[in-house]
Amino acid sequence: MASTQDAWYISLLGLAEHFRTSNPPDIKSCIQCLQAVFNFKPPQRVEARTHLQLGNILLTHTKNIDLARTHLEQSWFLSQSINAFDDVKFEAASVLAELFEQQGQPTHSKPILRKAIELSQHSVYWHCRLIFQLAQIHATEREYEVASSLLGVGVDYAQLSNAAYTRVLFLLSRVMLLLIDKKIQEVLPLLNQAGHLVESWSGSPHQKEYLKVFFLVLQVCHYLMAGQVKSVKPCLKQLQQSIQTIMAPTWPDDDAVCGSASGESFVWMSRQQLYVLVYLVTVMHSAQAGYMDKAHKYTEKALAQIDKLTSSGCEEGKSGGARSGAVLAWRLRMALVEHSALCRLVTGGKANALHEIARAAHLLAVAPTPGSAAAHTPQLHCLLGLYAMSMNCMEAAESQFHTAIQMSQERDLWMFAKLNLAIVYLRGRRDNDLAQLMEQVRPEALPAYAHGLRAASYYVLGLQAFFQARYNEAKRYLRETLKMANAEDLNRLTSCSLVLLGHIFLSINNSRESMNMVTPAMQLASKIPDVHVQLWASAILKDLYRLAGDTERENEAYQMHCNYSQALLKDHFQATQLPQHVLVQWTSGPPPALPPSLPPPSALSNPT
């Protein structure tokens, strides 16, 4: 009788697999066969495996999440007491924990993974994979210290297990978390340690190149977070060369990079995802350095690459599956669109900037997880504040910056929003509000690593002193901005500081020094291009030529000023007519529904 019973459930399992692999798959019949297996009271191992199969198939092919969870829970419960059953036991724990996280219940995921980690110490692959998964959940919950501690355990375990490649992955992942948590003092020794391990790597050359890309991405991000645009150039160039090596047609696929060792079957991202990421950090560098045309060009290339990935399904990660790949693709797209909007605002294309902001708002509405939307909502409000400032909608700008400050848990974004809010107060002559705010954003109040923010803070102090006609003090602050901006090629801050110094010298009747400031300001602004600085500089040049009695050049400067002014006014009017302009009033809840739109034709050329 027992053998007949065995034959029944073995036949059902084979039939279920036949239906699953048919073309097209017959999922309904597959599920019916697997469910029928339980009628024959199979051994515990078969029962646990069948529950796992059902859970996976229901998750992949149906919307019956509750039933999928029940099967996964049964598989995890049954398999815990079975020896030499790692694949079923730990896959059940991993998939069940991921499902709870997807449903917004990470508190249920954590004990499952902790138990699985405790049981898996003999299996290098599963122990490392589960540590990565639990660290990821803690990081998503912003529990960075716990996540970092787990990754530290992973570093030590991988070293003891002779999994050298996975050890470096754990180490670099820990550096990444410390960067996110702004623990800069802890980052440097670990980053140096990782760099040494990568440089002295004696294993697979493919693994070495892959780890090198991961290391260089973190090194570039470390510099960019500090606003060190000049210092980052050698690292960025190395990164761009390494990604070209990895993207070469002769490069093996990700499985070959991992190698045959079971404890080293991990990649941080697929090479296609890394390719987009390198585009993104290049866009970030170009935007910070003030090369807006270059930033826009790379943004378009990166977005096209993401479209290619998502349409082909290549966004799936090695160990994360389609869902984690989709989340990563969404995050990369969102970051690129945000930078595109910022570049448009700098170059004076408000209507185009609004189109990009509306794209970001749409992306928020279709965010793959609540956490993804929550992480990017403050940045969108900050962009709307900048847009509202450029449109002279100062009340809306103030509301948007306040909303960003209240929502954000990122100190750098918080400080950036406050520095821009200070300019809103300056323009509104709200001295009391400004004085209170400036105490929080003075250079000495900012983190030591934040080179760019500190330089911007000196600029705002200089602007405040200029508005109050304290010209010597203003010059002192602006020279400090220039020193810091020049040291790291922060071209936009340099051009803004030069044109403001030119205005100050004009105000104190020092035409020669004014001309010495405004001329390079105009050249740099044309290179960026920053139409607002060009407009400001052309107005000063017109006055300087008038004072010098040079009528011909005065008329040229006047015509240039009129061209910039007319282009900006035309673009301003175009932006006010767009339905997306209502976004400046949005300060709570999900973004308002907007009609789909095409980018408006550019109202701005480069007037000469």
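Reading the values: rules and limits
- Residues numbered from 1 in each chain as written.
- Predicted model: local features only at pLDDT ≥ 70, side-chain atom pairs only at ≥ 80, totals over all residues.
- Heavy atoms only, no water.
- UniProt positions renumbered as here; feature names shortened; annotations may be inferred.
- Helix = DSSP H or I, 4+ residues; strand = E, 2+ residues; numbered from the N terminus.
- Buried < 20%, exposed > 50% of the residue type's maximum accessible area, 1.4 Å probe, protein only.
- Contact = heavy atoms within 4.5 Å.
- Axes fitted to C-alpha atoms, helices over the stretch in contact; angles between N-to-C directions.
- Parallel < 35°, antiparallel > 145°, perpendicular 65-115°, else oblique.
- Left-handed = near helix turned anticlockwise from the far one by under 90°.
- Nonpolar A, V, L, I, M, F, W, Y, C, P; charged D, E, K, R; others polar.
- Expected span 1.5 Å × (residues − 1).
- Arc of directions from axis to C-beta.
- Phe/Tyr/Trp six-rings, centres within 6.5 Å; stacked < 30°, edge-to-face > 60°.
- Lys NZ or Arg CZ within 6 Å of the ring centre and 35° of its normal.
- Salt bridge = Lys/Arg side-chain N within 4 Å of Asp/Glu carboxyl O.
- Patch = residues over 30% accessible without salt bridge, like charges linked within 9 Å, V, L, I, M, F, W, Y side chains within 5 Å.
- Areas by Shrake-Rupley, 256 points an atom, 1.4 Å probe, with all protein chains shown as cover.
- Lys, Arg positive; Asp, Glu negative; His and termini not counted.
- Charge placed at Lys NZ, Arg CZ, Asp CG, Glu CD.

Taking an unreviewed UniProt entry as the reference, the chain is identified by name as MAU2 chromatid cohesion factor homolog belonging to Papilio machaon. One UniProt comment on the chain, placed under Sequence similarities (unreviewed entry), says "Belongs to the SCC4/mau-2 family." Checking UniProt for the chain, the heading Subcellular location (unreviewed entry) contains the comment "Nucleus, Nucleoplasm".

Along its length, the chain carries 27 helices and 0 strands. C-alpha atoms of the chain, sized along the principal axes, occupy 110 × 55 × 50 Å. Here the chain, with 608 residues, has 53% of them falling under the buried criterion. A fraction of 64% describes how many contacts in the chain between residues 6 or more apart in sequence connect residues 24 or more apart.

Time to look at the environment of serine 372. Tracing the sequence through the fold places serine 372 in helix α18 (residues 370–390). The class for serine 372 is buried, based on a relative accessible area of 0%. Along the primary structure serine 372 and alanine 97 are separated by 275 residues, whereas in three dimensions their C-alpha atoms are 19 Å apart.

Here helix α24 (residues 491–507) crosses helix α25 (residues 511–527) at 150°, and the two axes come no closer than 8 Å. Our classification of the angle between α24 and α25 gives roughly antiparallel. Note that α24 runs across α25; the crossing there is left-handed. In this structure, α24 uses Asn491, Thr494, Ser495, Leu498, Val499, Leu501, Gly502, Phe505 and Leu506 to contact α25, whose residues at the interface are Glu513, Ser514, Met517, Val518, Pro520, Ala521, Leu524 and Ala525. Of the residues contributing to the contact of α24 with α25, the split by class is 11 nonpolar, 5 polar and 1 charged.

To continue, consider helix α10 (residues 184–199). Compared with the 22 Å implied by 1.5 Å per residue over 16 residues, the 22 Å span of α10 between its first and last C-alpha is a close match. Among the residues making up α10, those that are buried are Ile184, Val187, Leu190, Leu191, Ala194, Gly195, Leu197 and Val198. Down the axis of α10, the buried set is contained in an arc of 160°. They therefore lie on one face. Those residues of α10 that are exposed and angled more than 90 degrees off the buried face are Gln185, Asn192, His196 and Glu199. Buried positions along α10 lie against α9 (164–180) and α11 (205–225).

Right, let's get into the packing of helix α22 (residues 451–467) against helix α23 (residues 471–487). Across the interface, α22 lies against α23 with an axial gap of 8 Å and an inter-helix angle of 160°. Comparing the axis directions of α22 and α23 gives the class roughly antiparallel. Seen along the crossing, α22 lies across α23 with a hand that is left-handed. Where α22 abuts α23, its residues His451, Arg454, Ala455, Tyr458, Tyr459, Leu461, Gly462, Ala465 and Phe466 lie against Tyr471, Glu473, Ala474, Tyr477, Leu478, Glu480, Thr481 and Met484. Taken together, the residues that form the contact of α22 with α23 break down as 11 nonpolar, 3 polar and 3 charged.

A few words on unusual backbone geometry. Cis geometry is adopted by the peptide bond preceding proline 24, which originates at asparagine 23 and carries an omega value of 0°. Put simply, isoleucine 528 and proline 529 share a cis peptide bond, and its omega is -10°. Looking at the secondary structure, you find proline 529 in the loop between α25 and α26 (531–548). Phi at lysine 41 is positive, roughly 45°, even though this residue is not glycine. Take lysine 41: it is sitting in the loop between α2 (27–37) and α3 (44–61). Positive phi outside glycine occurs at arginine 142, with the angle close to 65°. Within the element layout of this structure, arginine 142 appears in the loop between α7 (124–140) and α8 (144–160). For arginine 142, a relative accessible area of 32% gives the class partly exposed.

Attention now goes to the packing of aromatic side chains. The full count for this structure, using the stated rule, is 12 aromatic pairs. Judged by centre distance (6.5 Å) and plane angle (50°), the rings of tyrosine 165 and tyrosine 210 are tilted. You can see tyrosine 165 sitting in helix α9 and its partner tyrosine 210 sitting in helix α11, a full 45 residues away along the chain. Aromatic side chains phenylalanine 466 and tyrosine 471 sit 6.2 Å apart centroid to centroid with 45° between the ring planes, which places their arrangement in the tilted category. For tyrosine 471, a relative accessible area of 24% puts it in the partly exposed group. Among the aromatic side chains, those forming a connected cluster through ring pairs are Phe90, Tyr125, Trp126, Phe132, Phe170 and Phe266. Here the basic side chain of arginine 476 rests over the ring of tyrosine 477, its NZ or CZ set 5.8 Å away from the ring centre.

All right, on to the pattern of salt bridges then. Tallied over the entire structure, the rule returns 20 salt bridges. The closest approach of N and O atoms between arginine 442 and glutamate 444, which form a salt bridge, is 3.0 Å. Of the residues examined, arginine 442 reaches a relative accessible area of 23% and is grouped as partly exposed. Among the residues examined, glutamate 444 registers a relative accessible area of 58% and is labelled exposed. Measuring nitrogen to oxygen at the nearest pair gives 2.4 Å for the salt bridge that ties glutamate 473 to arginine 470. By relative accessible area, glutamate 473 is classed as partly exposed at 24%. Judged by its relative accessible area of 28%, arginine 470 is partly exposed. Each of Arg142, Lys182 and Glu410 takes part in a single network of salt bridges with overlapping partners.

What follows covers α24. Under the 1.5 Å per step criterion, the end-to-end length of α24 is 24 Å for 17 residues, consistent within 8% with the ideal 24 Å. Immediately downstream of α24, the backbone of asparagine 509 shows phi near 65°, a positive value.

A few words now on a positive patch on the surface. There is a patch of like positive charges on the surface, built from Lys294, Lys297, Lys301 and Lys527. Looking at the positive patch, the element that brings in the most residues is helix α15 (residues 292–312), giving 3 residues.

Here we come to the environment of glutamate 98. With respect to the helices and strands, the residue glutamate 98 is situated in helix α5 (residues 86–102). Glutamate 98 sits in the partly exposed class, given a relative accessible area of 25%. In sequence terms glutamate 98 and glutamine 133 are 35 residues apart; their C-alpha atoms lie 8.4 Å from each other.

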